[in-house]
Amino acid sequence: MKQHRCGTDIGFPLEACRHLEVRHHESPQKVVLSSADAQIVSDEFIMRFQTWTLVPWNRSDTFVEQLAKEDYMHDICVHGRLAGYPDGSKVTDHMISRVTLLENGEDCQTRLFQCPYCYMDYMVDAKDFGEQGFAVITTKWVNFGPGRESPDIKWRCHGTRYKDRLDVNDAACHGGEIRADFESQAEPSLEDLTSDNERRLFSTRKRRAITRAPDGRIWRWSGGARWFLDPPNSNPSIWERWLW
Ligand SMILES: [Zn+2]
Ligand SMILES: [Zn+2]
Ligand SMILES: [Zn+2]
């Protein structure tokens, strides 16, 4: 993604940052839905990404093993593999413990987490769909900063070469603030987005150019195992690094 410019006068098309796609994986079997949308809050460009991973219950062990073994497949930002990353606090650790709680039928409050190296808040949740399996839901809010001519730390911290831990003041300051800023004026709200995405997950998609699903949704098949929700607003390749 290119640097955005700040200010509503420029008319930065936030619509162009809206994206929704679904991938069907065969082995191991799972369906992954990812959505992206953007807001400018107090001149800062913030993106919200939500990912649903639907797994059949009889594949839950394999899924958890994969989360542990191939955690790089599920990086929520570029920092999860840093040597100094706090033990047991990677997104995959939270996903595994969330699935375990769900398996044990334990109720769990959805907690908010932060990466200590970049301006990002994220949440991990899970939901039981009975015979249809279970889903792990991750939502992240990424602050890219005000996008000035020379990028500041809020932009640079998301890059692969940026490895400085945010200092204590900064880290304390962004404890939940990014989500709060975004959600204060989010359209749709987190609640609405989450229930929309849940319905989209179970929509009908066929391997043909266009599927008009009974629920009224229109899916464009991009070949292979990937679909986009119509209308396509953005070039999906922009978000390749951020969706998984
Ligand atoms: Zn990070
Ligand atoms: Zn980041
Ligand atoms: Zn802050």
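Residues numbered from 1 in each chain as written. Chains lettered and ligands numbered in written order. Predicted model: local features only at pLDDT ≥ 70, side-chain atom pairs only at ≥ 80, totals over all residues. Heavy atoms only, no water.

K.L.:
Before we go on, may I ask you to explain the packing of aromatic side chains in this structure?
P.N.:
Each aromatic ring pair is specified by the distance between its two centres and by the angle formed by the two planes. Scanning all chains against the criterion turns up 8 aromatic pairs. On the numbers, 6.0 Å between centres and 65° between planes, the contact of Phe63 with Phe134 is edge-to-face. With Phe63 in helix α1 (residues 60-69) and Phe134 in strand β6 (residues 134-143), this pair connects stretches of sequence that are 71 residues apart. Residues Phe63 and Phe134 agree in their burial class; the two are buried. On the basis of an interplanar angle of 35° and a centroid distance of 5.4 Å, the ring pair of Phe113 and Tyr122 is categorised as tilted. (Phe/Tyr/Trp six-rings, centres within 6.5 Å; stacked < 30°, edge-to-face > 60°. Helix = DSSP H or I, 4+ residues; strand = E, 2+ residues; numbered from the N terminus. Buried < 20%, exposed > 50% of the residue type's maximum accessible area, 1.4 Å probe, protein only.)

K.L.:
When you look at empty space enclosed by the protein in this model, what are you seeing that I'm missing?
P.N.:
Vacant regions in the atomic arrangement are exposed by a probe of water-molecule size rolled over the atoms. Across all of its chains, the model carries 2 cavities of 30 Å³ or more by this definition. Roughly 60 Å³ of internal volume is contained in the largest cavity. Forming the walls of the largest cavity are Asp71, Asp75, Ile76, Cys77, Gly80, Tyr85, Lys90, Val91 and Thr92. Considered class by class, the residues forming the lining of the largest cavity number 4 nonpolar, 2 polar and 3 charged. (1 Å grid on protein atoms, 1.4 Å probe; cavity = no way out; pocket = protein on both sides within 12 Å on 5 of 7 lines; lining within 4 Å. Points joined across faces, edges and corners; volume = space filled by probe spheres on them. Nonpolar A, V, L, I, M, F, W, Y, C, P; charged D, E, K, R; others polar.)

K.L.:
Is there a simple way to explain the side chain of His158 in this structure?
P.N.:
Among the secondary structure elements, His158 is positioned in the loop between α3 (153-156) and α4 (168-173). Assessed through its relative accessible area of 4%, His158 is described here as buried. One polar contact links the side chain of His158 to the main-chain carbonyl oxygen of Lys154, over a distance of 3.1 Å. (Polar contact = N/O pair within 3.5 Å; in protein donor to acceptor, adjacent residues only side chain to side chain.)

K.L.:
Explain the environment of Glu183 here, please?
P.N.:
Locating Glu183 in the fold gives a position in helix α5 (residues 177-183). Using a relative accessible area of 23% as the deciding quantity, one classes Glu183 as partly exposed. For Glu183 and Gln39, which are 144 residues apart along the polypeptide, the C-alpha to C-alpha distance reads 9.3 Å. With near-sequence residues (within four places) excluded, Glu183 lies in contact with Arg48, Trp141, Ser189 and Leu190. A distance of 2.8 Å separates the side chain of Glu183 from the side chain of Trp141, its partner in a polar contact. (Contact = heavy atoms within 4.5 Å.)

K.L.:
How should the coordination of the zinc ion (ligand 2) be read in this particular structure?
P.N.:
Tetrahedral coordination by four donors puts the ideal angle at the metal at 109.5 degrees, and octahedral coordination by six puts it at 90 or 180 degrees. The protein atoms that coordinate the zinc ion (ligand 2) are Cys118 (SG) and His158 (ND1), at distances spanning 2.0 to 2.5 Å. Between the zinc ion (ligand 2) and the zinc ion (ligand 1), a separation of 4.0 Å is found, and both are coordinated by Cys118. Taken together, the residues span a long stretch of sequence, with Cys118 in the loop between β4 (112-114) and β5 (120-128) and His158 in the loop between α3 and α4 at a distance of 40 residues. (Donors = N, O, S within 2.8 Å, 3.2 Å for Na, K, Ca; no water.)

K.L.:
Looking at this structure, I do not really get the pairing of β6. What am I missing?
P.N.:
Each regular strand displays side chains that alternate between the two surfaces of the sheet. With 10 of 10 residues buried, β6 is to be regarded as a mostly interior element. By the alternation rule, side chains of β6 split into Phe134, Val136, Thr138, Lys140 and Val142 and Ala135, Ile137, Thr139, Trp141 and Asn143, which are all buried. Pairing analysis gives 9 bridges linking β5 to β6, with the strands arranged antiparallel. Bridge pairing links Met123 to Thr139 in β6. With antiparallel pairing between neighbouring strands as the criterion, β5 and β6 make up a hairpin whose turn holds 5 residues, including Gly130 at a positive phi of roughly 60°. (Pairing = 2+ DSSP bridges.)

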